[in-house]
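Here are the chains, one letter per residue:
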Amino acid sequence: MKTKKHNHPSAIRDTKGDRVFYLVNMVVLLLFTVLCLYPILCIISGAISSAYNVGLGIVTWYPKGFSLSGFKYVLKDSWLINGFGMSVFYTVAGTAINIVITFLTAFALSRRELMGRGFLNLFFAFTMWFSGGVIPSYLLVRNLGLLNTVWALLLPGAMSVWNMIVCRTFLMNSIPEELYEAASIDGAGYVRYMLVIVLPLSKAIVATLLLWYAIAHWNAYFNALIYINDKSLKPLSLYLREYLVQQSSMDISDFAGGEEVASDLLGMTELMKNSLTLLSCLPLWILYPFIQKYLVQGVMVGSVKG
């Protein structure tokens, strides 16, 4: 006996318009991916090609004349190695400070029984639109005795208000209030509740904050530019900036020995630029896959409902 199949009324069917929409989306995203990947491929190929081909300007998205001489010259510079180590230190220490302060503040502001919670939210939000500016900030850092110390790059930006708001919203929307009631019945206070219950359930937002703060610290150079004069404390990003600015002012007419020699010298300069840029990007490329699975969840949950 044949049974008649009934389509469920809630079943979703793709119409012709839906398929066209998906196709257009795929094409647009593919073009966007190509636009993002092309300069990265150009840097990679420019870092592993020969200096002569790079100097001629014939290297595009694929290498010509494989060579690692750019990395060899860059890695011989002891100050660049020191800058790389300082960037790792600033990123690790700064991100740890950021996450601790951001999470503590977000947890406190997520508690509806906090006295003055509305005023504190407005107080923090006010700083997102109004600040003292560069000169007052410099004077404050100087008067605190932080110039030419590692704390000048760690303390002034110890918390991003925007990141704190995202974290606070995540905690308010994702952690059921019944968990605190159950924990308080068992005798747990706020500190134990936060460390034992809330923190393990907040891996997604913590991973998201870790990525945001780590990228900001690794790429930051402006604070180091105005606060740090000690060469041993400069991060890699500042060396990269100074190196690119110095080398960009070079001209073929500055060299003696003909255009061929100038091409080799400029090619080696470009080769070292690309090698240094590639080395500065590698740590974040390595970090991203480990926390990528938490990123979308943390951003989406923490960005809805105020």
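Presented here is an overview of the structure given in this document. (Residues numbered from 1 in each chain as written. Predicted model: local features only at pLDDT ≥ 70, side-chain atom pairs only at ≥ 80, totals over all residues. Heavy atoms only, no water.)

## Thoughts on the layout of surface pockets
Piece 1. Its boundaries defined by the atoms lining it, the largest pocket holds a volume of some 870 Å³.
Piece 2. Among the secondary structure elements, those contributing two or more residues to the lining of the largest pocket are α4 (78-110), α5 (117-126), α6 (134-143), α10 (203-219) and α11 (222-227).
Piece 3. Looking at the lining of the largest pocket residue by residue, the class counts come to 22 nonpolar, ten polar and no charged. (1 Å grid on protein atoms, 1.4 Å probe; cavity = no way out; pocket = protein on both sides within 12 Å on 5 of 7 lines; lining within 4 Å. Points joined across faces, edges and corners; volume = space filled by probe spheres on them. Helix = DSSP H or I, 4+ residues; strand = E, 2+ residues; numbered from the N terminus. Nonpolar A, V, L, I, M, F, W, Y, C, P; charged D, E, K, R; others polar.)

## Structural notes on the nonpolar core
Piece 1. Among the nonpolar cores identified, the biggest contains 23 residues, and Phe 103, Cys 167, Leu 171, Tyr 193, Val 198 and Ile 205 are the most heavily contacted of them.
Piece 2. Contributing elements (two or more residues each) for this core: α4, α7 (161-174), α8 (177-185), α9 (190-198) and α10.
Piece 3. Looking at this core, the element that brings in the most residues is α7, giving six residues.
Piece 4. Setting aside anything within four residues of it in sequence, one finds Cys 167 in contact with Thr 102, Phe 103, Ala 106, Ile 205 and Leu 209.
Piece 5. Of all hydrophobic cores here, the second largest spans 15 residues; its members include Val 59, Val 74, Tyr 243 and Leu 271. (Core = buried A, V, L, I, M, F, W, Y, C linked by side-chain atoms within 4.5 Å. Buried < 20%, exposed > 50% of the residue type's maximum accessible area, 1.4 Å probe, protein only. Contact = heavy atoms within 4.5 Å.)

## As for the side chain of Lys 234
Piece 1. Topologically, Lys 234 is positioned in the loop between α11 and α12 (236-248).
Piece 2. Ignoring any residue separated from it by four or fewer positions in sequence, one finds Lys 234 in contact with Gly 83, Met 86, Ile 228, Asn 229, Tyr 239 and Glu 242.

## Section: the environment of Ala 224
Piece 1. Mapped onto the elements of the fold, Ala 224 is located in helix α11.
Piece 2. Each C-alpha atom, one on Ala 224 and one on Thr 149, is 10.0 Å from the other, the two residues being 75 residues apart in sequence.

## As for unusual backbone geometry
Piece 1. Of note in the backbone geometry, Asn 148 takes a positive phi value of approximately 60° without being a glycine.
Piece 2. Within the secondary structure, Asn 148 is located in the loop between α6 and α7.
Piece 3. Among the residues examined, Asn 148 registers a relative accessible area of 32% and is labelled partly exposed.

## Focus: the packing of α7 against α10
Piece 1. The contact between α7 and α10 brings their axes to 10 Å, and the two run at 170°. The orientation of α7 with respect to α10, classified from their angle, is roughly antiparallel. Contacts between α7 and α10 involve Asn 163, Val 166, Cys 167 and Phe 170 on the former and, on the latter, Ala 204, Ile 205, Leu 209, Trp 212 and Tyr 213.
Piece 2. Across the contact of α7 with α10, the residue classes tally to eight nonpolar, one polar and no charged. (Axes fitted to C-alpha atoms, helices over the stretch in contact; angles between N-to-C directions. Parallel < 35°, antiparallel > 145°, perpendicular 65-115°, else oblique.)

## Things to note about α5
Piece 1. Of the residues making up α5, those classed as buried are Arg 117, Asn 121 and Ala 125. For α5, the angular spread of buried residues about the axis comes to 70°, placing them on one side. Facing away from the buried side of α5 by more than 90 degrees, the exposed set consists of Phe 119 and Leu 122.
Piece 2. Of the surrounding secondary structure, the elements contacted by the buried residues of α5 are α4 and α7. (Arc of directions from axis to C-beta.)

## Here we look at the side chain of His 217
Piece 1. Here His 217 shows up in helix α10.
Piece 2. Filtering out sequence-adjacent residues up to four positions away, His 217 remains in contact with Tyr 90, Thr 91, Gly 94, Thr 95, Asn 98 and Leu 153.

## Points about the packing of α4 against α7
Any two packed helices are characterised by how steeply their axes cross, that is the angle between the axes, and by the distance between the axes.
Piece 1. At a minimum axis distance of 8 Å, the contact between α4 and α7 shows a crossing angle of 50°. Judged by the inter-axis angle, α4 sits oblique to α7. Crossing hand, α4 versus α7: right-handed. Together, Thr 102, Phe 103, Thr 105, Ala 106, Phe 107, Leu 109 and Ser 110 of α4 and Asn 163, Met 164, Cys 167, Arg 168, Leu 171 and Met 172 of α7 make up the contact between the two elements.
Piece 2. Counted by class, the contact of α4 with α7 contains eight nonpolar, four polar and one charged residues. (Left-handed = near helix turned anticlockwise from the far one by under 90°.)

## What about α9?
Piece 1. Among all positions in α9, only Tyr 193, Met 194 and Val 198 are buried. For α9, the buried positions fall inside an angular range of 100° around the axis, keeping them on one side. Exposed and facing more than 90 degrees away from the buried side of α9 are Val 191, Arg 192 and Val 196.

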